[in-house]
Amino acid sequence: MMNPDPSGSLDAFVQALPKTETHLHIEGALPYDELLRTLDPAAYAADPEFRRKSHRYPTFPDFEQTLLRHALPWFTSAERYHEAARVIFAGHVRQNVRYVETSFHLHVTEFIRVPGPVIIDAILSAAPPGLEVRVFAGMLRNAYSGPLREAIDGMHAWEGLSGVDLHGFEQMPTEPWSFGVWERMRREGKVTKCHAGEFDGPARVREAIQQLGVRRVQHGVRAIEDPAVVALAADTGVTFDTCPLSNVRLRVVPDIASHPIRRLMQAGVNCTVSTDDPLCFANSVNEEYAALVAEAGFTRPELARVARNGWSVADIAEPDRRRWLAEIDRIAGA
């Protein structure tokens with residue numbers, strides 16, 4: 001669909017919108033050029049094939065191996081988490097992103113022998129003025145069967161932890177332990193998330209909502225395959241934290257024009273837009289918005305709605321929420 005606005009003016013509009021990022025894996029957001037290449041420029045090429053816009057990952061395991069192979073050499077200490085977060089958050093500020101929810105991979109705490117609360121403090125202490133940051137602990141669906149059980153049982157008391165997320169290979173079964181843990185986290189005021197509806201179908205989205213009890217589904221886009229699941233998400237006030245460019249690069253959808261975000265929003269589902277793992281996709285928040293314009297024909301009111309959707313679920317004080325929503329309305333001419 002042809003965009004009627006000059007690209008420059010739309011770029012300025014996207015930049016001006018106060019935005020959120022609500023689906024970001026901090027290990028998967030490691031700045032490639034600014035940080036990773038400083039470890040060994042010979043080992044990490046200036047223009048690796050996997051970061052090119054044309055690259056498509058054959059399978060989720062291929063993507064996961066690429067991510068781990070490039071992220072783990074950096075994330076060896078709390079100080080490295082702090083430095084990565086500092087550069088990542090500076091990039092958000094440059095794009096007028098004012099609120100970020102990021103998760104760290106809980107399993108890394110075992111690899112590097114650094115407790116989760118120490119990593120949380122390292123990330124939070126990197127937040128610059130003007131950017132609100134919330135940190136989540138992300139874990140695999142089988143995390144409770146190993147050495148992380150004690151940490152998982154105590155996470156509800158971790159100061160600075162905003163919530164939890166189940167992620168990784170979606171076709172793994174959701175084990176019964178997670179239902180009780182997720183409920184305990186909610187009782188302690190934490191936000192609970194779950195990856196669903198990315199590599200598995202709408203039944204996993206239904207499971208996340210009805211059995212795991214989440215109101216924040218990471219991705220969720222394959223719910224579109226079952227109108228009843230879309231209606232369930234809309235009726236229960238669930239937010240899908242979508243990542244369109246990630247979905248294209250991982251072959252969840254063939255292209256942005258085919259992405260179901262517009263249809264989901266038209267059906268009443270609150271959808272946000274984030275970058276997921278920019279280390280592997282070489283994308284930014286502004287580029288996500290720009291892709292929706294260039295390839296899906298999103299209008300200014302639709303972009304403003306996406307921005308509003310993020311603030312509607314942000315973990316902030318109500319006066320701050322109203323202020324940012326009013327700013328979006330002002331920019332959009334509402």
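Residues numbered from 1 in each chain as written. Predicted model: local features only at pLDDT ≥ 70, side-chain atom pairs only at ≥ 80, totals over all residues. Heavy atoms only, no water.

Q: Summarise the overall build of the chain; cite the residues concerned and give the values.
A: On a plain count of helices and strands, the chain comes out with 16 helices and 8 strands. Taking 334 residues into account, the globule formula puts the C-alpha radius of gyration at 20 Å, and the chain, at 19 Å, falls close to it. Counting only C-alpha atoms and orienting by the principal axes, one finds that the chain spans roughly 55 × 50 × 45 Å. Split into buried and exposed, the 334 residues of the chain put 56% on the buried side. For the chain, long-range pairs separated by at least 24 residues make up 75% of all intrachain contacts whose partners lie at least 6 apart in sequence. Accessible area for the chain stands at about 13300 Å²; split by element, carbon and sulfur atoms hold 53% of it. Across the chain, the 36 positively charged side chains and the 44 negatively charged ones have centroids separated by 2 Å. (Helix = DSSP H or I, 4+ residues; strand = E, 2+ residues; numbered from the N terminus. Rg over C-alpha atoms; globule rule 2.2 N^0.38 Å. Buried < 20%, exposed > 50% of the residue type's maximum accessible area, 1.4 Å probe, protein only. Contact = heavy atoms within 4.5 Å. Areas by Shrake-Rupley, 256 points an atom, 1.4 Å probe, with all protein chains shown as cover. Lys, Arg positive; Asp, Glu negative; His and termini not counted. Charge placed at Lys NZ, Arg CZ, Asp CG, Glu CD.)

Q: So what's going on with unusual backbone geometry? Which residues, and what values?
A: Glycine aside, negative phi is the norm for most residues, and most peptide bonds take the trans geometry. Here asparagine 96, not a glycine, exhibits a phi torsion of approximately 65°, which is positive. Considering the arrangement of structural elements, one finds asparagine 96 in the loop between helix H4 (78–94) and strand E2 (97–105). On the basis of relative accessibility, which here comes to 10%, the residue asparagine 96 falls in the buried class. With a phi angle near 65°, arginine 251 is a residue other than glycine that sits in the positive phi range. Relative to the helices and strands, arginine 251 resides in the loop between helix H11 (244–249) and helix H12 (261–266). A relative accessible area of 51% places arginine 251 in the exposed class.

Q: Could you give me a rundown of the environment of proline 61, with the residues and numbers involved?
A: Tracing the backbone through its elements, the reader meets proline 61 in helix H3 (residues 60–71). C-alpha of proline 61 to C-alpha of glutamate 79: the two residues are 18 residues apart in sequence and 29 Å apart in space.

Q: Please provide a residue-by-residue account of the nonpolar core, values included.
A: In terms of nonpolar packing, the biggest core is built from 108 residues, with Tyr81, Phe104, Met139, Ile152, Met155 and Phe240 touching the most fellow members. Looking at this core, the element that brings in the most residues is H4, giving 7 residues. In this structure isoleucine 152 touches Leu106, Met139, Ala143, Tyr144, Trp177, Val181 and Arg184, once residues within four positions along its chain are discounted. (Core = buried A, V, L, I, M, F, W, Y, C linked by side-chain atoms within 4.5 Å.)

Q: Tell me about helix H16 (residues 318–332), residues and numbers included.
A: For H16, spanning 15 residues, the distance from its first C-alpha to its last is 21 Å, which sits close to the expected 21 Å at 1.5 Å a residue. Listing the buried residues of H16 in full gives Arg321, Trp324, Leu325, Ile328 and Ile331. The arc that holds every buried residue of H16, seen down its axis, measures 120°, which confines them to one face. Exposed side chains of H16 directed beyond 90 degrees from the buried face belong to Pro319, Arg322 and Arg330. (Expected span 1.5 Å × (residues − 1). Arc of directions from axis to C-beta.)

Q: Describe the pairing of strand E7 (residues 239–242), with residues and values.
A: A regular strand carries its side chains on alternate faces of the sheet. What you see with E7 is no split at all: Thr239 and Asp241 on one side and Phe240 and Thr242 on the other are buried throughout. Relative to E7, strand E6 (residues 216–219) is paired through 3 bridges, and the arrangement is parallel. Looking at the pairing, valine 217 lines up with phenylalanine 240 of E7. For the crossover from E6 across helix H10 (residues 227–235) to E7, the handedness is right-handed. Where E7 lies against strand E8 (residues 270–273), 4 bridges are found, and the strand directions are parallel. Following the sheet pairing, threonine 239 is matched in E8 by asparagine 270. (Pairing = 2+ DSSP bridges. Right-handed = clockwise from strand over helix to strand, strands pointing away.)

Q: Could you give an account of the sheet that holds strand E4 (residues 161–166), naming the residues involved and the relevant values?
A: Strand order in the open sheet made by the 8 strands is E1-E2-E3-E4-E5-E6-E7-E8, with parallel pairing throughout. Looking along the sheet, the strands with just one partner apiece sit at the ends: strand E1 (19–25) and E8. Pairs of neighbouring strands in the sheet enclose a mean axial angle of 25°, with direction left out of account. In the packing of helix H6 (residues 116–124) onto the sheet, contacts are made with E2, strand E3 (132–139) and E4, and the angle to E2 comes to roughly 155°. Strands in contact with helix H8 (residues 177–187) are E3, E4 and strand E5 (191–196); relative to E4, the strand with the most contacts, it is inclined by about 160°. (Axes fitted to C-alpha atoms, helices over the stretch in contact; angles between N-to-C directions.)

Q: Please give an account of the pattern of salt bridges that cites residues and values.
A: Scanning all chains against the criterion turns up 19 salt bridges. The salt bridge partner of arginine 184 is aspartate 153, with a shortest N-O separation of 3.6 Å. Of this pair, arginine 184 sits in helix H8 while aspartate 153 is found in helix H7 (residues 149–154), placing the two residues 31 residues apart along the sequence. Looking at aspartate 153, the relative accessible area reads 32%, which means it is partly exposed. Aspartate 320 is the salt-bridge partner of arginine 323, the closest N and O atoms lying 3.7 Å from each other. Residue arginine 323 and its partner aspartate 320 are located together in helix H16, separated by 3 residues, close to a single helical turn. For arginine 323, a relative accessible area of 46% corresponds to the partly exposed category. Overall, aspartate 320 belongs to the partly exposed group, its relative accessible area being 29%. Through salt bridges with shared partners, a single network forms among Glu101, Lys193, Arg216 and Asp241. (Salt bridge = Lys/Arg side-chain N within 4 Å of Asp/Glu carboxyl O.)

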